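# Summary of structural features
Here is how the chains run, residue by residue.
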Amino acid sequence: MSALSKLSNALLTAGWLKALREFGQRHRKILSILSLTFVIGAAIYYIVNFPEEADGLSLAWAGIGVAYAALVMQTFNALEFRLQARAVGSSISFVQAQRIAVNAAIANLLPLPGSVLVRGAWLADKSSKKAAGLVLGSTALCWIGVSTFIAGTALTISGALIGLALATAGALLFIGGFIGLRRSNKDAALTIAGFEVLMTLSGVGLLWIAFNAVGFDISAIKAAATSAGGPLAGAVGVVPGGIGVSESLTALLAELVDTPASIGFLAASMRRIMNVVGLVIIKGVHEVFGKVK
């Protein structure tokens with residue numbers, strides 16, 4: 001256990017990742033502009049030169065995706081924050097948790113590390129900066145770990161041997177995050193870790209819908225194989241919301257399961273649009289019905 005604890009500490013305080021994030025934060029505005037320009041330009045190119053393997057954009061699937069992002073994904077985000085509040089010895093209502101989670105997600109699209117700042121500020125106010133940082137960092141490790149493990153396992157099933165390495169790395173990350181959660185709150189650790197598995201699977205569901213929205217029929221296994229792009233891009237934290245990085249990683253993973261990179265890029269872009277529209281809808285609902293104190 002001592003060796004695993006050292007691994008957890010190393011993962012949570014990785015110097016190279018910290019340096020990379022600091023670089024991203026110093027140059028976040030210019031990186032935001034460049035990444036957004038890249039994604040828009042690439043998306044327009046792929047739409048104009050729509051891949052022959054796909055049937056074209058489906059408004060019906062896009063609508064299903066928006067509803068799923070708003071109702072399912074934002075429910076998961078709210079429940080996750082409630083569990084994080086519990087881990088620092090506090091409690092929060094579902095509606096209040098959803099408001100904070102939505103504001104954090106929206107802030108994360110801006111040229112600043114919004115999600116960490118918004119969630120961290122509330123958690124630190126109820127405990128301490130150290131406790132808040134440990135819970136947020138450990139939860140992120142669990143999420144990235146299980147996402148990478150699921151993608152790696154799906155890649156292996158699909159015949160891509162690199163999946164074994166990803167699955168192993170994912171398992172180690174997940175263990176490191178779980179140990180961090182136990183250091184924070186033993187009672188909440190298992191619940192949060194298990195919840196991250198469910199949350200990741202819900203994210204795979206949204207990506208599968210996004211593939212269908214761009215007119216590409218893909219199996220659940222292959223969709224899962226490409227699903228690590230978003231979490232990995234978010235973990236690096238160089239650009240807001242991992243924009244550009246997420247789409248590129250998804251395109252790369254798609255190639256490994258015999259899916260055109262252009263399809264992977266379009267699906268990841270569609271997933272981002274669905275998430276953003278879902279955020280706007282839930283944000284609008286909260287604004288219309290008033291703030292909950």
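Quick note: structure is the one above.
Notes on the structure in this doc start here. (Residues numbered from 1 in each chain as written. Predicted model: local features only at pLDDT ≥ 70, side-chain atom pairs only at ≥ 80, totals over all residues. Heavy atoms only, no water.)

Along the chain, the position of F81 falls in helix α4 (residues 59-87). Owing to a relative accessible area of 0%, F81 belongs among the buried residues under this scheme. Separated by ten residues in sequence, F81 and S91 have C-alpha atoms that sit 9.7 Å apart. Other than its neighbours up to four places away in sequence, F81 contacts I92, A97, I100, R119, W122 and L123. (Helix = DSSP H or I, 4+ residues; strand = E, 2+ residues; numbered from the N terminus. Buried < 20%, exposed > 50% of the residue type's maximum accessible area, 1.4 Å probe, protein only. Contact = heavy atoms within 4.5 Å.)

This paragraph deals with the packing of aromatic side chains. Applying the stated criterion across every chain yields a total of four aromatic pairs. On the numbers, 5.4 Å between centres and 40 degrees between planes, the contact of F76 with F195 is tilted. Here F195 lies in helix α9 (residues 186-213) and F76 lies in helix α4, a separation of 119 residues in the sequence. A relative accessible area of 18% means that F76 is categorised as buried. For F195, a relative accessible area of 10% translates into the label buried. Note on F211 and F216: the rings are 6.3 Å apart at their centroids and 50 degrees apart in plane angle, and the pair reads as tilted. (Phe/Tyr/Trp six-rings, centres within 6.5 Å; stacked < 30°, edge-to-face > 60°.)

All chains considered together, the criterion is met by four salt bridges. Here R99 ties to E287 by a salt bridge, and the two come within 3.6 Å at their closest N and O atoms. Of this pair, R99 sits in helix α5 (residues 94-107) while E287 sits in helix α13 (residues 261-288); the two residues are 188 residues apart in sequence, bridging distant segments of the chain. As a salt-bridge pair, E287 and K283 come within 3.3 Å of each other at their nearest N and O atoms. Residue E287 and its partner K283 are located together in helix α13, separated by four residues, close to a single helical turn. You can call E287 partly exposed: its relative accessible area is 39%. The class for K283 is partly exposed, based on a relative accessible area of 24%. When salt bridges with common partners are traced through the structure, they connect R99, K283 and E287 into a single cluster. (Salt bridge = Lys/Arg side-chain N within 4 Å of Asp/Glu carboxyl O.)

Turning to the layout of surface pockets, a few remarks are in order. To locate leftover empty space, one rolls a probe as large as a water molecule over the atoms. What the second largest pocket holds in volume is close to 410 Å³. Around the second largest pocket sit 19 residues that line it, and L36, V39, I243, R272 and I273 are the ones nearest its centre. When residues of the lining of the second largest pocket are traced back to their parent elements, those giving at least two are α3 (28-48) and α13. Considering every element that reaches the lining of the second largest pocket, the biggest residue donor is α3, with eight residues. Its residues assigned to classes, the lining of the second largest pocket comprises 15 nonpolar, three polar and one charged. (1 Å grid on protein atoms, 1.4 Å probe; cavity = no way out; pocket = protein on both sides within 12 Å on 5 of 7 lines; lining within 4 Å. Points joined across faces, edges and corners; volume = space filled by probe spheres on them. Nonpolar A, V, L, I, M, F, W, Y, C, P; charged D, E, K, R; others polar.)

The next thing to look at is helix α7 (residues 129-157). For α7, with 29 residues, the first-to-last C-alpha span of 42 Å sits near the 42 Å given by 1.5 Å per residue. Just past α7, the residue G159 takes up positive phi, approximately 100 degrees. (Expected span 1.5 Å × (residues − 1).)

Let's shift gears to the packing of α5 against α13. The interhelical angle for the contact between α5 and α13, taken along N-to-C directions, is 135 degrees, at an axis separation of 10 Å. As judged from the angle between their axes, α5 and α13 are oblique. As α5 packs across α13, the resulting crossing turns out to be left-handed. Packed against α5, whose contacting residues are V95, Q98, R99, V102, N103, A105 and I106, the element α13 presents L279, I282, K283, H286 and E287 at the interface. Looking at the contact of α5 with α13 residue by residue, the classes come out as six nonpolar, three polar and three charged. (Axes fitted to C-alpha atoms, helices over the stretch in contact; angles between N-to-C directions. Parallel < 35°, antiparallel > 145°, perpendicular 65-115°, else oblique. Left-handed = near helix turned anticlockwise from the far one by under 90°.)

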